[in-house]
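Here are the chains, one letter per residue:
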Amino acid sequence: MFNAKAYSATSATSPLTPSVITRRDPGENDVQIEILFCGICHSDLHYARNEWSDVMPTVYPCVPGHEIVGRVTKAGSAVTRFKSGDLAAVGCLVGSDRTCTACKEGLEQFCPNMVLTYGSPDKHLGGVTYGGYSDSIVVDEHFVLHVPSNLDLSATAPLLCAGITTYSPLRHWGVTEGKKVGIVGLGGLGHMGVKFARALGAHTVVFTTSPSKVENALRLGADEVVLSRDANQMQKHAGSFDFILDAVSADHDINAYLHLLARDGNMTLVGAPEKPLSLSSFALILGRRSVSGSPIGGIEETQEMLNFCGEHNITSDVEVIAIQQVNEAYERLLKADVKYRFSIDMASLKSK
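**Concerning the overall build of the protein chain**
Reasoning step 1: From N to C terminus, the protein chain includes 11 helices and 17 strands.
Reasoning step 2: By the compact-globule yardstick of 20 Å for 352 residues, the protein chain fits well, its C-alpha radius of gyration being 20 Å.
Reasoning step 3: Long-range contacts, defined here as pairs at least 24 residues apart, represent 66% of the contacts in the protein chain between residues at least 6 apart.
Reasoning step 4: Across the protein chain, 30 positive and 38 negative side-chain charges occur, with their mean positions spaced 2 Å apart.

**Considering the packing of aromatic side chains**
Reasoning step 1: One pass over the full model with this rule turns up six aromatic pairs.
Reasoning step 2: On the basis of an interplanar angle of 70° and a centroid distance of 5.3 Å, the ring pair of Y167 and F196 is categorised as edge-to-face. In this pair, Y167 is assigned in helix 4 (residues 162–172) and F196 in helix 5 (residues 190–199), connecting sequence segments 29 residues apart. Per residue, the accessibility class of Y167 equals that of F196, and both read buried.
Reasoning step 3: Centre to centre, the rings of F207 and Y257 are 5.4 Å apart; their planes meet at 75°, and the pair counts as edge-to-face. Of this pair, F207 sits in strand 11 (residues 203–208) while Y257 sits in helix 8 (residues 255–258), placing them 50 residues apart in sequence.
Reasoning step 4: Following the ring pairs from residue to residue traces out a cluster consisting of Y167, F196 and F308.

**Structural notes on the pairing of strand 17 (residues 341–345)**
Reasoning step 1: With respect to burial, strand 17 is a largely interior element, four of its five residues being buried.
Reasoning step 2: One ladder, built from four bridges, connects strand 3 (residues 30–40) with strand 17; its direction is antiparallel. Among the inter-strand pairings, G39 is bridged to a residue of strand 17, identified as S343.
Reasoning step 3: Regarding topology, helix 11 (residues 326–334) serves as the crossover connection from strand 16 (residues 318–322) to the parallel strand 17, and that connection is right-handed.

**What to know about the packing of helix 4 against helix 5**
Reasoning step 1: As a packed pair, helix 4 and helix 5 sit with axes 9 Å apart at the nearest point and diverge in direction by 45°. As far as their axial angle goes, helix 5 and helix 4 are oblique. Note on packing geometry: the crossing formed by helix 4 with helix 5 is right-handed. Together, A162, G163, T166, Y167 and L170 of helix 4 and M192, G193, F196 and A197 of helix 5 make up the contact between the two elements.
Reasoning step 2: Looking at the contact of helix 4 with helix 5 residue by residue, the classes come out as six nonpolar, three polar and no charged.

**Side note on the sheet that holds strand 15 (residues 290–293)**
Reasoning step 1: Reading across from one edge, 12-11-10-13-14-15 is the order of the six strands in this open sheet, with parallel pairing throughout. Where the open sheet ends on each side, the last strands, each with one partner, are strand 12 (224–227) and strand 15. Mean inter-strand twist for the sheet, computed between neighbouring axes without regard to direction, equals 20°.
Reasoning step 2: With five bridges joining them, strand 10 (residues 180–184) and strand 11 adopt parallel strand pairing. Paired with K180 across the strands is H203, a residue of strand 11.
Reasoning step 3: This element, helix 4, spans strand 10, strand 13 (241–246) and strand 14 (261–269) of the sheet and lies at about 160° to strand 13.

**Some remarks on the pattern of salt bridges**
Reasoning step 1: Counted under the stated rule, the structure contains 14 salt bridges.
Reasoning step 2: A salt bridge links E67 to R341; the shortest N-O distance between them is 2.4 Å. Residue E67 is located in the loop between helix 1 (42–48) and strand 4 (68–75), and its partner R341 is located in strand 17; the two are separated by 274 residues in the primary sequence.
Reasoning step 3: Assessed through its relative accessible area of 8%, R341 is described here as buried.
Reasoning step 4: Between K195 and D317 there is a salt bridge, and its shortest N-O distance comes to 2.6 Å. With K195 in helix 5 and D317 in the loop between helix 10 (299–312) and strand 16, the pair connects residues that are 122 residues apart, well separated along the chain.
Reasoning step 5: The exposure class of K195 is buried, given its relative accessible area of 15%.
Reasoning step 6: Where salt bridges share partners, they join K195, R219 and D317 into one cluster.

**Some thoughts on a nonpolar patch on the surface**
Reasoning step 1: A cluster of nonpolar side chains, namely F282, I285 and L286, defines an oily patch on the protein surface of about 400 Å² accessible area.
Reasoning step 2: On the secondary structure map, I285 appears in helix 9 (residues 281–285).

**Things to note about the state of the cysteines**
Reasoning step 1: Under the defined criterion, the tally for this structure stands at zero disulfides.
Reasoning step 2: In this structure C41 is a free cysteine whose sulfur lies 3.8 Å from that of C161, the closest cysteine sulfur available.
Reasoning step 3: C41 gets classed as buried once you look at its relative accessible area, which sits at 6%.
Reasoning step 4: Note on C92: no disulfide assigned, nearest cysteine sulfur contributed by C161 at a separation of 3.9 Å.
Reasoning step 5: On the basis of relative accessible area, C92 is assigned to the buried category, the value being 9%.

**With respect to the nonpolar core**
Reasoning step 1: In this structure, I40, Y133, F196 and V326 are the most contacted members of the largest nonpolar core, which totals 90 residues.
Reasoning step 2: Core analysis: the next-biggest nonpolar cluster, separate from the first, contains 16 residues, V226, M234, L261 and A283 among them.

Basis of the calculations
Residues numbered from 1 in each chain as written. Predicted model: local features only at pLDDT ≥ 70, side-chain atom pairs only at ≥ 80, totals over all residues. Heavy atoms only, no water. Helix = DSSP H or I, 4+ residues; strand = E, 2+ residues; numbered from the N terminus. Rg over C-alpha atoms; globule rule 2.2 N^0.38 Å. Contact = heavy atoms within 4.5 Å. Lys, Arg positive; Asp, Glu negative; His and termini not counted. Charge placed at Lys NZ, Arg CZ, Asp CG, Glu CD. Phe/Tyr/Trp six-rings, centres within 6.5 Å; stacked < 30°, edge-to-face > 60°. Buried < 20%, exposed > 50% of the residue type's maximum accessible area, 1.4 Å probe, protein only. Pairing = 2+ DSSP bridges. Right-handed = clockwise from strand over helix to strand, strands pointing away. Axes fitted to C-alpha atoms, helices over the stretch in contact; angles between N-to-C directions. Parallel < 35°, antiparallel > 145°, perpendicular 65-115°, else oblique. Left-handed = near helix turned anticlockwise from the far one by under 90°. Nonpolar A, V, L, I, M, F, W, Y, C, P; charged D, E, K, R; others polar. Salt bridge = Lys/Arg side-chain N within 4 Å of Asp/Glu carboxyl O. Patch = residues over 30% accessible without salt bridge, like charges linked within 9 Å, V, L, I, M, F, W, Y side chains within 5 Å. Areas by Shrake-Rupley, 256 points an atom, 1.4 Å probe, with all protein chains shown as cover. Disulfide = S-S within 2.5 Å. Core = buried A, V, L, I, M, F, W, Y, C linked by side-chain atoms within 4.5 Å.

Here you go:
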């Protein structure tokens with residue numbers, strides 16, 4: 001075992017503060033990574049403040065962070081895909097049983113025994129796993145990803161959650177050239193959805209309630225922007241979308257978007273509103289439409305996503321901060337005061 005510097009929370013109401021945590025020494029299949037950047041995900045805030053207590057009670061102290069980019073410092077004797085000095089990334093998963101049907105199909109995100117990067121039982125050291133708000137991490141090689149060398153590392157970190165969360169459903173539902181795709185919401189998830197849909201060749205339409213976001217949506221690659229509160233603008237698109245990605249986590253009327261789907265069109269939810277959404281059966285029945293949800297992708301698909309980003313020079317729009325600003329960043333995140341993701345420069349952890 002060895003000690004690592006980190007930022008952790010000790011209760012639901014305490015700020016994140018400097019701490020020292022224990023990491024395991026790398027085993028024969030492990031990769032030790034010096035963390036260079038770690039993105040801030042809304043999940044980090046929820047977990048640190050125990051807001052998911054009904055489904056995932058927080059164990060304190062907790063170290064959030066599952067959007068990790070760094071450099072390999074050690075590789076176990078059986079590791080074949082990484083060597084010291086390689087760029088590497090870690091997303092939301094650091095383990096699974098590798099034997100269930102989901103794992104065998106490359107869908108580790110559905111494994112009943114998956115190990116999350118933070119907050120899951122740690123079979124090596126006891127307690128729970130600690131995430132990327134730290135100077136280093138040790139992960140089984142299978143769950144470590146290669147980072148294209150042409151990408152900006154600070155802007156690559158959010159791809160490990162926001163990126164794969166939007167890429168996976170676009171791929172699953174067959175978004176390609178010639179398809180018409182809608183993106184609902186232009187935040188941390190939505191802005192990645194726009195970039196991916198456009199790069200996949202789809203005619204991409206952003207739906208927003210904010211006129212101030214029109215210019216940014218077009219800059220990110222949208223072909224059109226629709227103000228969703230304008231009934232006339234919405235009606236012009238009735239029955240025309242092959243796929244709609246809903247990235248809104250606040251309460252909203254999804255039925256207004258279901259009517260925009262073409263026959264057999266699908267709307268996938270990646271945002272997670274606190275309260276259940278009302279659903280019109282007739283909006284589905286009359287067009288044989290469907291609504292689905294989607295989490296992250298599996299390890300193979302996450303690597304595919306990173307490779308795709310390397311080929312198309314896609315990264316997240318980030319504001320880089322020092323770890324000492326993380327509590328301020330959480331408060332700003334609650335106000336949606338960031339375009340569009342925070343990325344922590346972990347070199348700042350070395351500062352007093």
